[in-house]
Amino acid sequence: MLGSPVRMGSPRPVYTAKLLSDPATAGNDAGAPTAPATGGEGEPHSRHREARLGSTDKELKSGAAAADSVRTAPGTPRQRGEVMDAAGGSRNTLPRPCHVLVLLNPRGGKGKALQLFRSHVQPLLAQADVSFTLMLTERRNHARELVRAEDLRRWDALVVMSGDGLIHEVVNGLMERPDWETAIQKPLCSLPAGSGNAVAASLNYYAGYEQVTKEDLLTNCTQLLCRRLLAPMDLLSLQTACGQRLFSVLSLAWGFIADVDLESEKFRRLGEMRFTLGACLRLVALRTYRGSLAYLPAETLASRRGPSPALAPQDPADTHVVPLEQPVPPHWTVVPEQDFVLVLALLHSHLASDLFTAPMGRCSAGAMHLFYVRAGVSRAMLLRLFLAMEKGRHMECHCPHLVYVPVVAFRLEPKDGKGVFTVDGELLISEAVQGQVLPNYFWMVSGYREPPPSLKPQPSPRRKSQQTLPPSERP
């Protein structure tokens, strides 16, 4: 279980991350160790607590009296762990009261996530009957390892308090489980405490709130959790030339944006300002990147829908792409090999909390935003686009080098070895990559309702031969 400090007889690594529970939840989960309340916060589940308890943990423990009023969610783990109504059908709200697991990166952003949780999040959760167990991650991919191994029935939702990278870890960890079809349906919540916070900013926008950053954005997203509404979200399935398979909750970037993301890591303590500084530095030494791009436009897919292919028993479905060693299907749009400044595939409205990248609105289920900028754009125009993006007005600049199209799948092949890929802000080796959107694939806490679709992930179809079109129809 998650609360056990040592795993006996297990090949998996021992987890030493600090875990704290809301006092009202002590002993509530079957098989979970109890945590006596001290100063309004449970003791960490460790035999060597004092040896590993940092100063931030002691601060959280000594000043968290607001959690005393939180009640424990009743019911069995199965009742609390599924998004089901009394009749057994799907519903799009969390129960009241409910119990959530909070995965928090104490080093994310400016390194103040733990203090922000105590001051801005915990009091609101107490008022809303949301009890919690708090886990502090200690290293890269720690959250991925945890959600891959643990019994998810203990919680009604997984709350991720960090930047977009930690949500990326959690989703990929869920998809790596043997029971991924069930695991990926566990509702997720994003509480912004990183540098970019694009997923949280997008959910804030979908809920109808004004664009805000920092503590205001955190408060808005916490209020969404307290309201308990859930909405289905798309997932981007990616394949690389070396055979790697991974999933994105936000974006894939190549070129200028990816370089800024990675090169600004050394300015992480600046928070959201790191991207502005990084962009200015990269503009001074502007690069171009040779490559080829192809995509399946959303409107093309809508006009070509046919009968569903036969189903195979394993893996989420990539129905629109062919193996990377084969040419793209003839009904795709092919952009001739050329020099690019950037390519961006984006699932949501924001690329950072203050970058309103897709003002054209949320794509329909199964589609994403594709932007690319061709070489030849001036530094002055790039700067103008970047500044206008804060208010979502960059498309009004009418830059002839900027191209936008909604797509359901794409393929991108670097040709000169320059540049890197980032997926949800995380580094990916620079090689041919392709991806497609998996529609309505998982639940997230959100501020809007949609007709609840079937969210059971579909198994991978056996690939059929592609229909051939006349060469004249190839764009």
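Criteria and cut-off values
Each residue is numbered by its place in its chain's sequence as written, counting from 1. Totals for whole chains, interfaces and linings use all residues, but because this is a predicted model, local features are given only for residues with pLDDT of at least 70 and pairs of side-chain atoms are given and counted only at 80 or more. As a rule here, side-chain values cover all heavy atoms of the structure and leave hydrogens and water aside. A run of H or I in DSSP becomes a helix once it reaches four residues, and a run of E becomes a strand once it reaches two; helices and strands are each numbered from the N terminus. The cut-offs for exposure are 20% and 50% of the maximum accessible area for each residue type, with area from a 1.4 Å probe on protein chains only; residues under the lower value are buried, those over the upper are exposed, and the others partly exposed. The contact definition used throughout considers only heavy atoms, calling two residues in contact when any of these lie within 4.5 Å. The Shrake-Rupley method, run with a 1.4 Å probe, gives the accessible areas here. Residue values count only the displayed protein chains as cover. Distance and chemistry together define a polar contact, namely a pair of N or O atoms within 3.5 Å, with one atom able to donate a hydrogen and the other to accept it when in protein, and with adjacent residues in sequence counting only for side-chain atoms on both sides. In this scheme, a helix's expected span is set at 1.5 Å multiplied by one less than its residue total. Residue types Ala, Val, Leu, Ile, Met, Phe, Trp, Tyr and Cys, when buried and joined through side-chain atoms within 4.5 Å, form a set referred to as a nonpolar core. Boundaries of every domain are those given by an automatic assignment or by a domain database. The term bend refers to the angle at a residue between two fitted axes, each drawn through seven residues, those ending there and those starting there. To get an axis, a line is fitted to the C-alpha atoms, and for a helix only the part in contact is used. The angle between two axes follows their N-to-C directions and goes from 0 to 180 degrees. For classification, angles of less than 35 degrees are called roughly parallel, those exceeding 145 degrees roughly antiparallel, those between 65 and 115 degrees roughly perpendicular, and all remaining angles oblique. Two helices that cross are described as forming a left-handed crossing if the nearer one is turned anticlockwise from the farther one by less than a right angle, and a right-handed crossing if clockwise. Classes in brief: Ala, Val, Leu, Ile, Met, Phe, Trp, Tyr, Cys and Pro nonpolar; Asp, Glu, Lys and Arg charged; the others, Gly included, polar. Each pair of strands is called paired provided DSSP finds at least two bridges between the two strands. Salt bridges are counted wherever a side-chain nitrogen of Lys or Arg sits within 4 Å of a carboxyl oxygen of Asp or Glu.

> What should I look at first to understand the overall build of the protein in this one?
A tally of regular secondary structure across the protein gives 13 helices and 19 strands. Across the 475 residues in the protein, those meeting the buried criterion constitute 57%. In the protein, of all internal contacts separated by at least 6 residues, the share reaching a separation of at least 24 is 79%. By element, 52% of the accessible surface of the protein is carried by carbon and sulfur atoms, the whole surface being about 19,700 Å².

> When you look at the environment of Tyr404 in this model, what are you seeing that I'm missing?
Residue placement: Tyr404 occurs in strand S15 (residues 402-414). Expressed as a C-alpha distance, the spacing of Tyr404 and Phe371, which sit 33 residues apart in the sequence, is 4.6 Å. Apart from the residues lying within four places of it in its own chain, the contact partners of Tyr404 are Met360, Cys363, His369, Leu370, Phe371 and Met395. A polar contact of 2.9 Å, which involves the side chain of Tyr404, links it to the side chain of His369.

> Whenever I open this one, helix H9 (residues 214-227) confuses me. Can you help?
Side chains of residues three or four places apart in an α-helix project in the same direction, reflecting 3.6 residues per turn. Taking 1.5 Å per residue, 14 residues should reach 20 Å; H9 reaches 20 Å between its end C-alpha atoms and fits that length. When H9 is considered as a whole, its buried residues turn out to be Leu217, Leu218, Asn220, Cys221, Thr222, Leu224, Leu225 and Cys226. One or two steps after H9, the chain reaches Arg228, where phi turns positive at roughly 75°.

> I tried to follow the nonpolar core on my own but got confused; where do I start?
A general tendency of soluble globular proteins is for nonpolar side chains to be buried together. Ranked by internal contacts, the top residues of the largest apolar core, which has 59 residues, are Leu158, Val170, Leu174 and Phe442. Examining the composition of this core, we find that 6 residues originate from one element, helix H6 (residues 164-175), more than from any other. Built from parts of two domains, this core gets at least three residues from each of domain 1 (93-227) and domain 2 (233-301 + 320-440). Not counting chain neighbours up to four residues away, the residues in contact with Val170 comprise Leu103, Ala143, Val147, Leu158, Val160 and Leu188.

> Got a minute to help me understand helix H4 (residues 113-127) in this structure?
For H4, built from 15 residues, the straight-helix expectation of 21 Å at 1.5 Å per residue is met to within 8% by its first-to-last C-alpha distance of 20 Å. At Val121, H4 shows its maximal bend, which comes to roughly 40°, and the proline Pro123 appears one to four places after that position. Looking only at H4, the buried set comprises Ala113, Leu114, Leu116, Phe117, Val121, Gln122, Leu125 and Ala126. Just downstream of H4 lies Asp129, where phi reads positive at about 60°.

> It is not clear to me how the packing of H4 against H9 should be interpreted in this structure. Could you clarify?
The axes of two packed helices give the description: the angle between them and the distance between them. Their axes nearest at 9 Å, the elements H4 and H9 cross at an angle of 30°. Judged on the interaxial angle alone, H9 and H4 are roughly parallel. The crossing of H4 and H9 is right-handed. Between H4, through Leu116, His120, Val121, Leu124 and Leu125, and H9, the contact on the second element is made entirely by Glu215, Leu218, Thr219, Thr222, Gln223, Leu225 and Cys226. Per-class residue counts for the contact of H4 with H9 are 7 nonpolar, 4 polar and 1 charged.

> Explanation requested: the pairing of strand S8 (residues 230-240) in the structure shown.
Walk down a regular strand and you will see the side chains alternate between the two sheet faces. By the criterion of burial, S8 is predominantly enclosed, with 10 of the 11 residues buried. When S8 meets strand S18 (residues 433-445), the two strands line up antiparallel, connected through 10 bridges. Paired with Gln239 across the two strands is Gln434, which belongs to S18. By the bridge criterion, 4 bridges tie S8 to strand S9 (residues 245-248) in an arrangement that is antiparallel. Along S9, the bridge assignment pairs Leu236 with Ser248. Connecting S8 to the antiparallel partner S9 that follows it, the hairpin turn spans 4 residues, and Gly243 within it adopts a positive phi of roughly 95°.

> In this structure, what is going on with the pattern of salt bridges? I would like to understand it.
Pairing between side chains of opposite charge can happen when their charged atoms approach one another. Scanning the entire structure with this criterion turns up 12 salt bridges. A salt bridge links Asp129 to Arg96; the shortest N-O distance between them is 3.8 Å. One end of the pair, Asp129, is in the loop between H4 and strand S5 (130-136); the other, Arg96, is in the loop between helix H3 (77-81) and strand S4 (98-104), and 33 residues separate them in sequence. Taking relative accessible area as the criterion, Arg96 reaches 52% and is therefore assigned exposed. For Arg245, the salt bridge identified is with Asp318, shortest N-O distance 3.4 Å. On the criterion of sequence distance, the pair formed by Arg245 in strand S9 and Asp318 in the loop between strand S12 (311-316) and strand S13 (333-346) is long-range, its members being 73 residues apart. Judged by relative accessible area, Arg245 falls into the partly exposed class, the value being 31%.

> In this structure, what is going on with the environment of Val100? I would like to understand it.
With respect to the helices and strands, the residue Val100 is situated in strand S4. Given the relative accessible area of 0%, Val100 is considered buried. Considered as a pair, Val100 and Leu134 are 34 residues apart in the sequence and their alpha carbons are 8.6 Å apart. Apart from residues lying up to four places away in sequence, Val100 is in contact with Val130, Ser131, Phe132, Thr133, Trp155, Ala157 and Val159.

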